[in-house]
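One letter stands for each residue in the lines below.
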Amino acid sequence: VDRLHGYRPEILGQRWVGPCYLSTESALDRYELCQTGMMDFTYVTTTLLAGRARAVRVLDGYRFVYRHVRPHLFFGFRPEDGLSMADPENAAIDFLYFLKKGQRSVLSPDEIAREKLNVSRFRQYLRRFRQRGFQRYALAWLAERGTAGA
């Protein structure tokens, strides 16, 4: 029985909770900015999901994770192959944001190929975050390993 009804799993996961876009490790892996080997699909959404049972779903061996942001942080994504997906710079910022908030990941920030990011766009997106401490944290991460223009 095809419980996915012919949909690609990442598209099905996007249909469960809306609005949302694929981000963090999932998007970074698709852009080849890291290699996670994960079968998880992580989405960013403005929908507040009470409890872990609603924020994490599993179907046919695929794990779908939904992480909440406030509406002013819901940006930096585009349609790609039938899926809303974060731009590479926004996926990196989302990843750092959730890591800074204490959400665990199998990926270390050092495993992200930050030299492939558009520094100007990264800085532009980062300005939308109102937390100065997070902005300093993200800029320090970007500057590590001599990223050009950081």
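Residues numbered from 1 in each chain as written. Predicted model: local features only at pLDDT ≥ 70, side-chain atom pairs only at ≥ 80, totals over all residues. Heavy atoms only, no water.

### Comments concerning the nonpolar core
Thought 1: By size, the foremost hydrophobic cluster in this structure holds 46 residues, and its most contacted members are Leu28, Phe122, Phe129, Phe134 and Trp141.
Thought 2: By residue number, the principal contributor to this core is helix H4 (residues 88-100), which donates seven residues.
Thought 3: Ignoring sequence-local partners within four residues, the contact set of Phe122 consists of Glu89, Ala92, Ile93, Leu96, Leu117, Ala138, Trp141 and Leu142. (Core = buried A, V, L, I, M, F, W, Y, C linked by side-chain atoms within 4.5 Å. Buried < 20%, exposed > 50% of the residue type's maximum accessible area, 1.4 Å probe, protein only. Helix = DSSP H or I, 4+ residues; strand = E, 2+ residues; numbered from the N terminus. Contact = heavy atoms within 4.5 Å.)

### Describing the environment of Trp141
Thought 1: The residue Trp141 is located in helix H6 (residues 132-143) in this model.
Thought 2: Along the backbone, Trp141 and Glu115 are 26 residues apart, and their C-alpha atoms lie at a distance of 11 Å.

### Thoughts on the pattern of salt bridges
Thought 1: The tally for this structure, following the rule as stated, stands at nine salt bridges.
Thought 2: Arg63 is paired through a salt bridge with Asp40; the nearest N and O atoms lie 2.8 Å apart. Taken together, the residues Arg63 in strand E4 (residues 62-68) and Asp40 in strand E2 (residues 40-45) connect sequence positions 23 residues apart.
Thought 3: Here the salt bridges share partners, and the residues they tie into one network are Arg8, Glu10, Arg30 and Asp81. (Salt bridge = Lys/Arg side-chain N within 4 Å of Asp/Glu carboxyl O.)

### Focus on the state of the cysteines
Thought 1: This model, assessed by the stated rule, comprises zero disulfides.
Thought 2: Cys34 supplies the cysteine sulfur nearest to Cys20, a cysteine that is in no disulfide, at a spacing of 19 Å.
Thought 3: By relative accessible area, which is 6% here, Cys20 ends up buried.
Thought 4: You can call Cys34 buried: its relative accessible area is 5%. (Disulfide = S-S within 2.5 Å.)

### Observations regarding the packing of H4 against H6
Thought 1: Packing of H4 against H6 brings their axes to within 11 Å, and their N-to-C directions diverge by 125 degrees. When the interaxial angle is binned, H4 and H6 end up oblique. In this structure, H4 crosses over H6, and the sense of that crossing is right-handed. Side by side, H4 and H6 meet where Ala92, Ile93, Leu96, Tyr97, Leu99 and Lys100 of the first sit next to Phe134, Tyr137, Ala138 and Trp141 of the second.
Thought 2: A breakdown of the residues in the contact of H4 with H6 according to their chemical character gives nine nonpolar, no polar and one charged. (Axes fitted to C-alpha atoms, helices over the stretch in contact; angles between N-to-C directions. Parallel < 35°, antiparallel > 145°, perpendicular 65-115°, else oblique. Left-handed = near helix turned anticlockwise from the far one by under 90°. Nonpolar A, V, L, I, M, F, W, Y, C, P; charged D, E, K, R; others polar.)

### Comments concerning the environment of Glu25
Thought 1: In this fold, Glu25 is placed in helix H2 (residues 24-30).
Thought 2: Its relative accessible area of 3% is what places Glu25 among the buried residues.
Thought 3: Sequence-distant contacts of Glu25, defined by excluding residues within four places in its chain, comprise Cys34, Thr36, Met38, Thr42, Arg67, Phe95, Ser105 and Leu107.

### So, unusual backbone geometry
Leaving glycine out, the prevailing phi sign among residues is negative, and the prevailing peptide bond configuration is trans.
Thought 1: In this structure, Pro19 follows Gly18 across a cis peptide bond, with omega equal to -10 degrees.
Thought 2: At Thr24, a residue that is not glycine, the phi angle is positive and equals roughly 45 degrees.
Thought 3: Assignment of secondary structure puts Thr24 in helix H2.
Thought 4: Residues other than glycine seldom take positive phi values, yet Asp60 does so here, at roughly 50 degrees.
Thought 5: As for its placement among the helices and strands, Asp60 is situated in the loop between strand E3 (56-59) and E4.

Honestly, that's just the spatial picture; any functional story needs more than this.
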